[in-house]
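What follows is the residue order along each chain.
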Amino acid sequence: MLVRTHLGEAAGKTLTCSTGTEVEAVGAKNKNNVCGIIGGVCMGLRAFVIAAIFLLSGCAGVEYRNSNMQSPADGGVLFRLLPNTLGASFYFANWQDITVARLPSRPGEREQQFAVSAKEEGGSRTAVYAGWLPPGTYRIVSFSSRQCGAVCIDAQITVNPQFSKFEIQTGHLTDLGVLVQTDVPGKDQGTLLSLGHPPAVQDTEELVDQLVPGFRALLSSPLLYWKEDTVSPKMPAFAEYAKVASFGLNSPTELGDGSFLYGSANGVVFQWTPGAGTVGHDVGTNSAVESLLVTSGGSWLAGGELGMLLQSDDHGASWHSVRGNIPLGVVVDLYQWRNKVVATTVRGSRVWVHSADLDSSEWEQLAQYVTIPHVLTDPPGVEPESFLVGDRLVTSLPGRRVANVDLVTGTSETSSLPGSIQSFSVSSDGVLRCWCVPTMIADYVESRDFGKTWNQAGEARYVSAYRDNLHGVSFKGPLPFSPARMMYTQDGGASWIDSTEMPLYIKQVFYSRDQKTAYAVTAYGTLWSSSNDGRSWARVRR
């Protein structure tokens, strides 16, 4: 599906669907986003949003369930929740319990509520929920829309009781696929909950095998899905709107014509041309696209959560899997080295590095690592990252290690850092920079021998980009997820001058291919640009 948008993420703008119809988004009247929604529709008629706002009254009477069977009469429920929203990412997770309710089956009965817990592996945005439940017909009651990253933001989404229902049968698995949570722009922002693509049997089997082994016995019986007669006929339009509004700006990659590709939360790769519109390419899944690569042969590769690794040979019109034997996890980085693709995959504390020939799905494992962060002393929300420098792949390993793979020899080694990783980067000249936390105060350190030795950095910076040997841009900030100060240099980094204050921590800075424009990407996925070597910045995307 081709998704087109006229930069319509802001309130009051118009979004155009692939069908050529338009939607004007109307928000729910709740500034704290404590609401339930049925709404937001991409049709020929004006979209509508119906919000139900409730005051929460505690958790009395809620029974907690997980993937451990409690009764032989139970059945299993499995689903994924994808926050297609600003407040969720690797840094801000959405992985608290979800409350479901078994509907009364006879007069005089009351709803019985259960809290289903999440599996915190395999996804970057998406959480996988699994629990054994007694037989009956169920509805989703509520779920958390935020959780603690470096800061805590508390809000609950209460789902309208008219939303789709599902059934639990003894000895059966009900796989509901993906629930996509999308913010609807407007003066008072609301939330849309839509259904993603129905799950393929092989995907269900892999999720159960890898993440929910307690459900394996249920795979011998036919899988159940949503109760068809309870699903709104407008759900396809809701799902299409969620694609149009796919959030985020991940792995910006410049094409030869000056346009950029970037990944987003709900399985859309966008192509943005500065000064013009944006075209979205649906990769066919409801999973976050976290990494992109354009190969020397012109193919596009999209990596992401829950084992996504797809290739398009026709500029995004169609996609096919090239994951092969790569483990289920998040493909966080993709690089081309000579005639090979190098992929880094993360699942929980495990990190894998694989390589394969171009256009191949037969991967060779080059390295496997285990991250060892300390829950009490290490900064939260820090994930491994890889950087290609010449013939080396450098990978940060939270809490206090860095790894190097020599791609020529295939050998790998790890070395220690002087503190826990808060942020990490590698510049094109091979300098490793870490904002490391040895005790309670972060130090800016750098290494010029690929991590063997570390020295104090002269300036509080660790991500920089240069257009020549004199002019470059960088930033500094006291804490991640707090305002950052952009900086620029005119003497090759010997001195730095402060410029624009940004509203949030910067993940990446880079220059365009023609070296005329510098770009900065925030942790929330907004894009800023500077046409004067960093003296001033303006937001250009979201």
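Note that this is a predicted model, so its numbers are computed, not measured.

Here we take up the overall build of the protein. What the protein contains, in helices and strands, is two helices and 44 strands. The burial tally for the protein puts 56% of its 542 residues in the buried class.

Here we come to the confidence of the model for the protein. Averaged over all residues, the pLDDT of the protein equals 82, while 82% of them reach at least 70. Low pLDDT, under 50, characterises residues 1-59; the predicted model gives this stretch 160 contacts beyond four residues in sequence or across chains.

Per the stated rule, a full pass over the model turns up 18 salt bridges. Arg350 is paired through a salt bridge with Glu121; the nearest N and O atoms lie 4.0 Å apart. Taken together, the residues span a long stretch of sequence, with Arg350 in strand β27 (residues 350-357) and Glu121 in the loop between β10 (118-119) and β11 (127-133) at a distance of 229 residues. Look at Arg350 and you get partly exposed, because its relative accessible area is 30%. With a relative accessible area of 32%, Glu121 lands in the partly exposed category.

Moving on, we get to the sheet that holds strand β16 (residues 190-195). Within the open sheet, the five strands sit side by side as β10-β11-β7-β15-β16. Their pairing is mixed. Single-partner strands in this sheet number two, and they are β10 and β16. Pairing geometry for β10 and β11, over two bridges, is antiparallel. Bridge assignment links Ala118 to a residue of β11, and that residue is Tyr129. Contacts between helix α1 (residues 201-211) and the sheet are confined to β7 (75-84), β10, β11 and β15 (173-184), with β7 contributing the most and set at about 100 degrees to the helix. With respect to the sheet, helix α2 (residues 235-244) is in contact with β7, β15 and β16, its orientation differing from that of β16 by roughly 115 degrees.

Next up on the list: the state of the cysteines. If you walk through the whole model with that rule in mind, you get one disulfide. What pairs with Cys434 in a disulfide is Cys436, and their sulfur atoms sit 2.0 Å apart. Here the disulfide of Cys434 and Cys436 is right-handed, its torsion about the S-S bond being about 105 degrees. A relative accessible area of 1% places Cys436 in the buried class.

It is worth spelling out the sheet that holds strand β34 (residues 432-437) at this point. Taken in spatial order, the four strands line up as β33-β34-β35-β36 in an open sheet, and their pairing is antiparallel. Both outer strands of the open sheet, β33 (420-426) and β36 (455-456), are each paired with one neighbouring strand and no more. Relative to β36, strand β35 (residues 443-447) is paired through two bridges, and the arrangement is antiparallel. Across the sheet, residue Val445 finds its bridge partner in β36, namely Gln456.

Within β35, four of the five residues are buried, which leaves the element mostly enclosed by the surrounding structure. As defined by bridge partners, β34 adjoins β35 across five bridges and the pair is classed as antiparallel. When the sheet's bridge partners are listed, Cys434 is paired in β35 with Val445.

It is characteristic of soluble globular proteins that their nonpolar side chains tend to be buried jointly. Counting 30 residues, the largest nonpolar core has Val100, Phe166 and Leu179 as its most contacted members. Grouped together as the second largest cluster of nonpolar side chains are 20 residues, Met502, Leu504, Ile506 and Ala523 included.

What follows is about the packing of aromatic side chains. Under the definition given, this model contains 15 aromatic pairs. On the numbers, 6.0 Å between centres and 85 degrees between planes, the contact of Phe166 with Trp226 is edge-to-face. Residue Phe166 is located in strand β14 (residues 166-168), and its partner Trp226 is located in the loop between α1 and α2; the two are separated by 60 residues in the primary sequence. Residue Phe166 shares its accessibility class with Trp226, and that shared class is buried.

Across the 10 residues of α2, eight count as buried, placing the element largely inside the fold. Taken as a whole, α2 has its buried residues at Met235, Ala237, Phe238, Glu240, Tyr241, Ala242, Lys243 and Val244.

The next subject is unusual backbone geometry. With glycine set apart, most residues show a phi of negative sign, and most peptide bonds adopt trans. Omega for the bond connecting Pro398 with Gly399 falls within 30 degrees of zero, at 0 degrees, which places this linkage in the cis form. Mapped onto the secondary structure, Gly399 falls in the loop between β30 (392-397) and β31 (401-406). Of note in this structure, Leu306 is not a glycine but carries a positive phi near 55 degrees. Note on placement: Leu306 falls in the loop between β22 (300-304) and β23 (309-312).

Time to look at α1. Restricting attention to buried positions, one finds in α1 the residues Thr204, Leu207, Val208 and Leu211. The buried residues of α1 occupy an angular sector of 105 degrees when projected down its axis, which confines them to one face. As for α1, its buried residues are in contact with β7, β10, β11, β15 and β26 (340-347).

We now examine the environment of Ser220. Position of Ser220 relative to the elements: it lies in the loop between α1 and α2. Spatially, the C-alpha atoms of Ser220 and His172 are 8.4 Å apart, while their sequence positions differ by 48 residues. Reaching out from Ser220, the side chain makes a polar contact with the backbone oxygen of Ala217 at a distance of 3.1 Å.

Now for the side chain of Arg139. The residue Arg139 is located in strand β12 (residues 136-144) in this model. Reaching out from Arg139, the side chain makes a polar contact with the side chain of Glu111 at a distance of 2.8 Å. With sequence-adjacent residues up to four places away left out, Arg139 is seen in contact with Val100, Ala101, Leu103, Glu111, Val159, Pro161, Lys165 and Phe166.

The rules we used
- Residues numbered from 1 in each chain as written.
- Predicted model: local features only at pLDDT ≥ 70, side-chain atom pairs only at ≥ 80, totals over all residues.
- Heavy atoms only, no water.
- Helix = DSSP H or I, 4+ residues; strand = E, 2+ residues; numbered from the N terminus.
- Buried < 20%, exposed > 50% of the residue type's maximum accessible area, 1.4 Å probe, protein only.
- pLDDT = per-residue confidence, 0-100.
- Contact = heavy atoms within 4.5 Å.
- Salt bridge = Lys/Arg side-chain N within 4 Å of Asp/Glu carboxyl O.
- Pairing = 2+ DSSP bridges.
- Axes fitted to C-alpha atoms, helices over the stretch in contact; angles between N-to-C directions.
- Disulfide = S-S within 2.5 Å.
- Core = buried A, V, L, I, M, F, W, Y, C linked by side-chain atoms within 4.5 Å.
- Phe/Tyr/Trp six-rings, centres within 6.5 Å; stacked < 30°, edge-to-face > 60°.
- Arc of directions from axis to C-beta.
- Polar contact = N/O pair within 3.5 Å; in protein donor to acceptor, adjacent residues only side chain to side chain.

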